[in-house]
Amino acid sequence: TTDKPWGGRFSEPTDAFVERFTASVDFDKRLYFHDIQGSMAHATMLAEVGVLTDAEKEQIIAGLTEIREEIEAGAFAWSVKLEDVHMNIEARLTSKIGITGKKLHTGRSRNDQVATDIRLYLRDEIDVICAELSRLQTGLIALAEQEADTIMPGFTHLQTAQPVTFGHHLLAWNEMLERDFGRIQDCRKRVNIMPLGAAALAGTTYPIDRTITAKLLNFTCPSENSLDSVSDRDFAIEFSAAASLLMTHLSRFSEELILWTSAQFNFIDLPDRFCTGSSIMPQKKNPDVPELVRGKTGRVTGHLISLLTLMKAQPLAYNKDNQEDKEPLFDVIDTLKGCLKAYADMVPAIEPKRDSMREAAKRGFSTATDLADYLVVKGMPFRDAHEVVGKAVGYGVQTGKDLSDMTLQELQQFSDIIADDVFDVLTLEGSVNARDHIGGTAPAQVRQAAQRARTKLTAR
Ligand code: ARG
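Identification of the protein as Argininosuccinate lyase from Oleiphilus messinensis is taken from an unreviewed UniProt entry. Annotation of the protein in UniProt includes, under Catalytic activity (unreviewed entry), the sentence "2-(N(omega)-L-arginino)succinate = fumarate + L-arginine". You can read under Pathway (unreviewed entry) in the UniProt record for the protein the words "Amino-acid biosynthesis; L-arginine biosynthesis; L-arginine from L-ornithine and carbamoyl phosphate: step 3/3."

K.L.:
Kindly report on the overall build of the protein, identifying the contributing residues and their values.
P.N.:
When you go through the protein residue by residue, the secondary structure sums to 19 helices and six strands. In summary, the protein has a C-alpha radius of gyration of 31 Å against a globular reference of 23 Å for 460 residues, an excess of more than 25%. Classification of the 460 residues of the protein by burial places 41% in the buried group. Contacts in the protein between residues far apart in sequence, at least 24 positions, make up 75% of those at least 6 positions apart.

K.L.:
Before we move on, could you go through the site of the ligand and cite the residues and values that matter?
P.N.:
In the region of the ligand, the neighbouring residues are S24, D28, D84, R110, N111, V114, Y318, K320, N322 and Q323. Per-element accounting of the shell around the ligand gives the leading share, three residues, to helix 6 (residues 110-146). Looking at the shell around the ligand residue by residue, the classes come out as two nonpolar, four polar and four charged. Each of two domains, domain 1 (7-106) and domain 2 (120-198 + 224-358), supplies a minimum of three residues to the shell around the ligand.

K.L.:
Provide a residue-level description of the packing of helix 3 (residues 32-48) against helix 6, including the pertinent values.
P.N.:
Following both chains from N to C, one finds helix 3 and helix 6 inclined at 120°, their axes separated by 9 Å at the closest point. Classed by the angle they form, the pair helix 3 and helix 6 counts as oblique. Of the two possible hands of crossing, helix 3 and helix 6 adopt the one that is right-handed. Taken together, the residues of helix 6 that come into contact with helix 3 (itself represented by H34, D35, Q37 and G38) are Q113, T116, D117, L120 and Y121. Across the contact of helix 3 with helix 6, the residue classes break down as two nonpolar, five polar and two charged.

K.L.:
Give me the lowdown on the nonpolar core, citing residues and values where you can.
P.N.:
Among the nonpolar cores identified, the biggest contains 94 residues, and A144, L336 and Y343 are the most heavily contacted of them. The biggest single contributor to this core is helix 6, with 14 residues. Each of two domains, domain 1 (7-106) and domain 2 (120-198 + 224-358), supplies a minimum of three residues to this core. Residues within four places of L336 in sequence aside, it is in contact with I129, A243, L246, M247 and V300. In terms of nonpolar packing, the next biggest core, distinct from the first, is built from 17 residues, F365, A392, I418 and V425 among them.

K.L.:
Explain the UniProt feature "domain: Fumarate lyase N-terminal" (unreviewed entry) in the protein to me, and be specific about the residues and the numbers.
P.N.:
When the UniProt feature table is mapped onto this chain, "domain: Fumarate lyase N-terminal" (unreviewed entry) is found at residues 8-302. Note that residues 8-302 is 61% helix and 6% strand, and that its end C-alpha atoms are spaced 40 Å apart.

K.L.:
Any chance you could break down the UniProt feature "domain: Argininosuccinate lyase C-terminal" (unreviewed entry) in the protein for me, citing the residues and the numbers?
P.N.:
In this structure's numbering, the residues bearing the UniProt feature "domain: Argininosuccinate lyase C-terminal" (unreviewed entry) are residues 365-433. Across residues 365-433 one finds 64% helix and 0% strand; the C-alpha atoms that close the span lie 17 Å apart.

K.L.:
Please give an account of the pairing of strand 2 (residues 159-165) that cites residues and values.
P.N.:
The pairing of strand 1 (residues 151-156) with strand 2 spans six bridges and is classified as antiparallel. Across the sheet, F155 pairs through a bridge with T160, a residue of strand 2. Joining the antiparallel neighbours strand 1 and strand 2 is a turn of two residues, in which H157 adopts a positive phi near 60°.

K.L.:
Mind laying out the domain arrangement of the protein, listing which residues take part and the relevant values?
P.N.:
Domain annotation of the protein identifies domain 1 (7-106), domain 2 (120-198 + 224-358) and domain 3 (368-426). The straight-line distance from the C-alpha centre of domain 1 to that of domain 3 is 78 Å.

K.L.:
For the packing of helix 11 (residues 288-311) against helix 12 (residues 326-346), give the residues involved together with the corresponding values.
P.N.:
For the pair helix 11 and helix 12, interaxial distance at closest approach is 9 Å and the crossing angle is 155°. One way to sum up the angle between helix 11 and helix 12 is to call them roughly antiparallel. The two elements helix 11 and helix 12 meet at a crossing, and its hand is left-handed. On helix 12, the residues that touch V289, V293, K296, R299, V300, H303, S306 and L307 of helix 11 are P328, D331, V332, T335, L336, C339, A342, Y343 and M346. Among the residues forming the contact of helix 11 with helix 12, the class breakdown is 11 nonpolar, three polar and three charged.

K.L.:
Outline helix 15 (residues 382-399), supporting the account with residue identities and numerical values.
P.N.:
Its 18 residues place the ends of helix 15 25 Å apart at the C-alpha level, agreeing with the 26 Å of an ideal helix rising 1.5 Å per residue. Within helix 15, burial applies to A385, V388, V389 and A392. Within helix 15, the buried residues cover an arc of 90° as seen down the axis, which keeps them to one side. Of the residues in helix 15, the exposed ones pointing more than 90 degrees away from the buried face are R383, K391, G394, V397 and Q398. Looking one or two residues beyond helix 15, the residue adopting positive phi is G400, at roughly 70°.

K.L.:
Give me the lowdown on unusual backbone geometry, citing residues and values where you can.
P.N.:
The omega torsion of the bond from L316 to A317 falls at 0°, within 30 degrees of zero and hence cis. The phi dihedral of E83 is positive, around 70°, even though this residue is not glycine. Inspection of the secondary structure assignment puts E83 in the loop between helix 4 (54-72) and helix 5 (85-97). Here E83 falls in the buried class, since 22 other C-beta atoms lie within 10 Å of it. One non-glycine residue, N266, lies in positive phi territory at about 60°. With respect to the helices and strands, N266 occurs in the loop between helix 10 (234-261) and strand 5 (268-269).

K.L.:
Explain helix 3 residue by residue, including any values.
P.N.:
Its 17 residues give helix 3 an end-to-end C-alpha distance of 24 Å, which sits within 8% of 24 Å, the value for a rise of 1.5 Å per residue. Counting buried positions along helix 3 yields 12 of 17 residues, so the element is predominantly enclosed. As for helix 3, its buried residues are in contact with helix 4, helix 5, helix 6 and helix 8 (210-216).

Each value, and the rule that gives it
- Residues numbered from 1 in each chain as written.
- Predicted model: local features only at pLDDT ≥ 70, side-chain atom pairs only at ≥ 80, totals over all residues.
- UniProt positions renumbered as here; feature names shortened; annotations may be inferred.
- Helix = DSSP H or I, 4+ residues; strand = E, 2+ residues; numbered from the N terminus.
- Rg over C-alpha atoms; globule rule 2.2 N^0.38 Å.
- Buried ≥ 20, exposed ≤ 12 C-beta atoms within 10 Å, placed from the backbone.
- Contact = placed C-beta atoms within 7 Å.
- Near = placed C-beta within 6 Å.
- Nonpolar A, V, L, I, M, F, W, Y, C, P; charged D, E, K, R; others polar.
- Domains from an automatic or database assignment.
- Axes fitted to C-alpha atoms, helices over the stretch in contact; angles between N-to-C directions.
- Parallel < 35°, antiparallel > 145°, perpendicular 65-115°, else oblique.
- Left-handed = near helix turned anticlockwise from the far one by under 90°.
- Core = buried A, V, L, I, M, F, W, Y, C linked by C-beta atoms within 7 Å.
- Pairing = 2+ DSSP bridges.
- Expected span 1.5 Å × (residues − 1).
- Arc of directions from axis to C-beta.

And the structure:
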């Protein structure tokens, strides 16, 4: 026998390297709060079904409460010899309250224990993440509403396409984030199922009542199958997939902010407090926050791939492989929280350079489609109108004139059905105002869309 909690059948101590190699306490100690929460519920249930006495349950809960305080005070001596967070806490409980501490693990295994801990932990982190995401969306919607009338060029292929409003562009980001929120909430439903009671893999011989523990821990219900409960980590994969998509959206957002702060675009400014300088080039103000968020997207997606690969060849039920789920998942959570905080703080502080955006919208013939639509209204088939306007643009390129800078006579060279009213559609305002339907860029629509977005947000 050895000094391990499982040492009964062993005849020599664990190899020193193997001890360190197999231990997870360095990273799974962050589950301490939820491990204790789960243990308290387990002990309470065991007392209710008569496996523990009430006095034993009280002793266990008091001991666990003290241990939680020790951990939070930084006074807990974590031991690699005790392998993981679960055995560290259990061993400490026994050293504190004696023989009763050894009864806590009745009808339970570390396999259902750890699956329960991760789900409890992830559920809490999801709630923090969703609150931060809502804060980001609140700022984004407010900025969009404020910029409902601001005109900028809209792009396809990163070439000037048609004028849009800045508010409309910002609300496009909100739509992506809205779907991300929905995905994470949907994932939360599947996280919130309780594996506790599955024990090692087959369930337990004690008369446990899993509905009691599920209720105590605010799980929707106990899981259906003990083998599945201790072995799958699809809930962590699903969360990481939703997180990867969210990061992908933040990364695209970042890419635009980075472009827009450049002297070449000059669409926005970010306050100094979100930027850093260069140690050699005195003029530099770099958009580090969006750049880092863009960069961190790779690591989150990488963790998703790690988790998928971790699971792909595991036979039922629990395998030690699963201990490798924690570091990727924790880093997904930490990275996402950091990026969301940075964005929620930064987005309301974006300073639009309205004149510069407007100037850019005027360059690049952004109202060419409007001129074609104008000719169609006057009776010309669209394909012909496309050709006519193409010629007018060619003339504009040669002469350095935007369509709205040309005189009526100049425009009439290309079609004699062009009349004085053409200038109403060639202005930037005319162009955006004309796209006046649900989902269109007209300022009136943007204001309504912002209102609807805010209603959804407050209904959460
Ligand atoms: N540290 C382990 C993990 O993270 C806890 C479960 C260990 N179970 C076992 N049978 N060795 O997965």
